[in-house]
Amino acid sequence: MRIGIQCSGIRIVVLVLLFAFISSESIFAQPDPGTGINQVDSRGRKQGAWVKNDAQGIKIYEGTFKDDKPIGEFHYFYPDGKLRSTLLYPATGNIVLNTAFYQNGIKMAEGNYIDQKKDGNWKYYNDLGELASEENWSKGLPAGVWKVYYQGLKVMEEFTYRNGLKEGSWKQYFPTGNIKAEAMYIDGLRQGPAKFYFPDGAIMTRGNYKNDLKNGIWENYKQNGQKESVREFDNGNLLSETYYDKERDKELHQESPEIKKE
């Protein structure tokens, strides 16, 4: 879970950094004739080196403009002055390379934007510098294989997107590499058979999904292969539950004293 939380936080930071730049105005980036910084031409277009500070005078970014368009490498900073991210703008074209960093200087994430939308392969790293997850995008839409990793580059989870929705096989793994869970996605929803396993590969639970909800009979097993219980669902609603451990089944189904009094 630690990796998943980190990845989510990383994505938020990266997006905030991008849109902070896109929506930023020069309210705190006033021309400085003495240094040649923050200059505009006769048509009001930004030219040359620019530095933007917040209301407290803390630097937000620095970079270069040509005819009001960013060009080359822009640096963004944490409030303490440490490098937060870089955005590399090409002289021609619309592909922008983004690299984000933790405050300790270790790389947090990297990937491309096209027309302000994620595109291609994006990689996210934990605060030790190890690859935590990979995503693939097509002009702002999730596309292709996505993976989440344990420390040590062992796959924790993998799934595929098509047209912005999960599609096809979904699998989770134990750190040993043994499969932990598997199911199928169709148009972003789990559909059909699903299986969950013990670390040694024995079946723990199996059943079916319908529109991402448990449906029909779900069977649960002990690690020795003995059937433990059966549950029946109707579109996510539990209809019945039977335990093959007779004492457990009796405990669940016997009437309470209050019901008997009635």
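All of these numbers come straight from a predicted model, not from anything done at the bench.

K.L.:
Hey, could you run me through the overall build of the protein chain in this one?
P.N.:
For the protein chain, the count of helices and strands is three helices and 21 strands. Counting all 262 residues of the protein chain, 33% fall into the buried class. Contacts in the protein chain between residues far apart in sequence, at least 24 positions, make up 14% of those at least 6 positions apart. Just so you have it, the protein chain exposes about 15300 Å², and 53% of that area is on carbon and sulfur atoms.

K.L.:
Just checking my understanding: could you explain the packing of aromatic side chains for this structure?
P.N.:
Two aromatic rings are characterised by how far apart their centres lie and by the angle between their planes. Counting across every chain of the model gives 13 aromatic pairs. Measuring from centroid to centroid gives 6.0 Å for W50 and F65, while their planes differ by 75°, and the two rings are edge-to-face. With W50 in strand β2 (residues 46–53) and F65 in strand β3 (residues 59–66), the pair connects residues that are 15 residues apart, well separated along the chain. As far as burial versus exposure is concerned, W50 and F65 are alike and both buried.

K.L.:
Would you explain the pattern of salt bridges in this entry?
P.N.:
Working definition: two side chains of opposite charge can pair if their charged atoms are close together. One pass over the structure, following the stated rule, counts 11 salt bridges. Its salt-bridge partner being E62, residue K59 comes within 3.0 Å of it at the nearest N-O pair. Residue class for E62 comes out partly exposed when judged on its relative accessible area of 24%. Note that E110 is salt-bridged to K107, the shortest N-O span being 3.0 Å. Among the ionic contacts, a cluster of salt bridges with common partners joins D41, R45 and D67.

K.L.:
Quick question: what am I supposed to make of the side chain of E157 here?
P.N.:
Along the chain, E157 turns up in strand β12 (residues 155–162). In this structure, E157 is buried with no salt-bridge partner, the nearest side chain bearing the opposite charge being K166 at 5.1 Å. One polar contact links E157 to W170, side chain to side chain, over a distance of 2.7 Å. Not counting chain neighbours up to four residues away, the residues in contact with E157 comprise W146, K147, V148, W170, K171 and Q172.

K.L.:
I tried to follow unusual backbone geometry on my own but got confused; where do I start?
P.N.:
Glycine aside, a negative phi is what most residues show, and trans is what most peptide bonds show. We note that N211 has phi near 55°; this positive angle belongs to a residue other than glycine. Structurally, N211 is set in the loop between β18 (203–210) and β19 (213–221).

K.L.:
What's the story with the environment of N94 in this structure? I'm lost.
P.N.:
With respect to the helices and strands, N94 occurs in the loop between β5 (83–89) and β6 (95–101). Classification of N94 as partly exposed rests on a relative accessible area of 35%. With 21 residues separating them in the primary sequence, N94 and D115 have C-alpha atoms 6.1 Å apart. Those residues in contact with N94, other than ones at most four positions away along the chain, are Y113, I114 and D115.

K.L.:
Explanation requested: the confidence of the model for the protein chain in the structure shown.
P.N.:
Parts of the model with low pLDDT should not have their predicted coordinates read in detail. Across the protein chain, the average pLDDT comes to 87, with 80% of residues at or above 70. Contacts of residues 1–6 to residues separated by more than four positions or lying in other chains number 10 contacts, the stretch itself having pLDDT below 50. Confidence drops under pLDDT 50 across residues 15–27; counting only partners more than four residues distant or on other chains, this segment forms 20 contacts.

K.L.:
I'm lost on the environment of N112 in this one. Help?
P.N.:
With respect to the helices and strands, N112 occurs in strand β7 (residues 107–114). Along the primary structure N112 and N98 are separated by 14 residues, whereas in three dimensions their C-alpha atoms are 5.8 Å apart. The residues contacting N112, other than those within four sequence positions of it, are I95, V96, L97, K117, K118, D119 and W122.

K.L.:
Which parts of the structure should I look at to understand the side chain of R190?
P.N.:
As for its placement among the helices and strands, R190 is situated in strand β16 (residues 189–190). Here R190 falls in the buried class, since its relative accessible area comes to 18%. In this structure the side chain of R190 is engaged in a polar contact, spanning 3.2 Å, whose partner is the side chain of Y209. Once you skip the residues sitting within four places of it in the chain, R190 turns out to touch A183, M184, Y185, Y209, K210, N211 and D212.

K.L.:
Where do I start with the pairing of β6 in this structure?
P.N.:
Every other side chain in a regular strand lies on the same face of the sheet, so the side chains alternate between the two faces. With respect to burial, β6 is a largely interior element, five of its seven residues being buried. Hairpin connection between β5 and β6: a loop of five residues separates the two successive antiparallel strands, and G93 in this loop has a positive phi of roughly 90°. Pairing analysis gives seven bridges linking β6 to β7, with the strands arranged antiparallel. Bridge pairing in β7 places N98 opposite G111. Hairpin remark: β6 followed by β7, antiparallel, with five residues in the connecting loop; positive phi at G105, about 90°.

K.L.:
Can you help me understand the pairing of strand β8 (residues 117–125) in this one?
P.N.:
Two elements, β7 and β8, share five bridges in a ladder whose sense is antiparallel. The residue of β8 that forms the bridge with I114 is K117. Counting the residues that bridge the hairpin from β7 to β8 gives two residues, and of these D115 lies at a positive phi of roughly 55°. With six bridges joining them, β8 and strand β9 (residues 131–138) adopt antiparallel strand pairing. Paired with N121 across the two strands is N136, which belongs to β9. Count of turn residues in the β8/β9 antiparallel hairpin: five residues, of which G129 carries a positive phi of about 90°.

The rules behind each value
Residues numbered from 1 in each chain as written. Predicted model: local features only at pLDDT ≥ 70, side-chain atom pairs only at ≥ 80, totals over all residues. Heavy atoms only, no water. Helix = DSSP H or I, 4+ residues; strand = E, 2+ residues; numbered from the N terminus. Buried < 20%, exposed > 50% of the residue type's maximum accessible area, 1.4 Å probe, protein only. Contact = heavy atoms within 4.5 Å. Areas by Shrake-Rupley, 256 points an atom, 1.4 Å probe, with all protein chains shown as cover. Phe/Tyr/Trp six-rings, centres within 6.5 Å; stacked < 30°, edge-to-face > 60°. Salt bridge = Lys/Arg side-chain N within 4 Å of Asp/Glu carboxyl O. Lys, Arg positive; Asp, Glu negative; His and termini not counted. Polar contact = N/O pair within 3.5 Å; in protein donor to acceptor, adjacent residues only side chain to side chain. pLDDT = per-residue confidence, 0-100. Pairing = 2+ DSSP bridges.

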